[in-house]
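# Working through the structure, step by step
So you can see what is in the structure, the chains are spelled out below.
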Amino acid sequence: MIGINETAVKRTIRRKQLREIIPLADSTIYEMEQRGEFPRRFALTPRCVVWDLAEVEAWLKLRRTISIRRSPHPDVTLRKTSPVKVRDQDQRPSSSGA
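Keep in mind the model is a prediction, meaning the values are calculated, not measured. (Residues numbered from 1 in each chain as written. Predicted model: local features only at pLDDT ≥ 70, side-chain atom pairs only at ≥ 80, totals over all residues. Heavy atoms only, no water.)

Moving on: the nonpolar core. Formed by Ile13, Leu18, Ile22, Ile29, Met32, Phe38, Trp51, Leu53, Val56 and Trp59, the largest nonpolar core amounts to 10 residues. Listing elements by their share of this core, those giving two or more residues are helix 2 (26-35) and helix 3 (53-65). In terms of residue count, helix 3 provides more of this core than any other element does, 3 residues in total. If sequence neighbours within four positions are ignored, tryptophan 59 has contacts with Ile22, Leu24, Met32, Glu37, Phe38 and Pro39. (Core = buried A, V, L, I, M, F, W, Y, C linked by side-chain atoms within 4.5 Å. Buried < 20%, exposed > 50% of the residue type's maximum accessible area, 1.4 Å probe, protein only. Helix = DSSP H or I, 4+ residues; strand = E, 2+ residues; numbered from the N terminus. Contact = heavy atoms within 4.5 Å.)

Following this line, the structure appears as structure tokens:
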């Protein structure tokens, strides 16, 4: 018989399996966990951390529905080192013959 207090067994995945599902760097995943934007890992043993597969799949499903704004391209003309020179139309040599 199944008891009332019994919970369903959750499937967990290790880092290698997580990286197959979510192709992000470990540092990115860690930072997102710290900000609360990614499911938290938990320790099974002092040397083994895992994620709940259902939470990861729910996060992935949510990410598919949210449109993510891309960051704007940097203005390379404002760089302090090796700035890109702007070509002026007036400074181009004329192609008319002598």
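Text resumes after the structure shown.
The next subject is the sheet that holds strand 3 (residues 48-52). Spatially, the 3 strands line up as an open sheet ordered 1-3-2, and their pairing is antiparallel. Each edge of the sheet is formed by a strand with only one pairing partner; in this case those strands are strand 1 (12-13) and strand 2 (42-45). In this structure, strand 2 lies alongside strand 3, joined through 3 bridges in antiparallel fashion. Across the sheet, threonine 45 pairs through a bridge with cysteine 48, a residue of strand 3. Against the sheet, helix 3 engages strand 1 and strand 3, with an angle of about 55 degrees to strand 3. (Pairing = 2+ DSSP bridges. Axes fitted to C-alpha atoms, helices over the stretch in contact; angles between N-to-C directions.)

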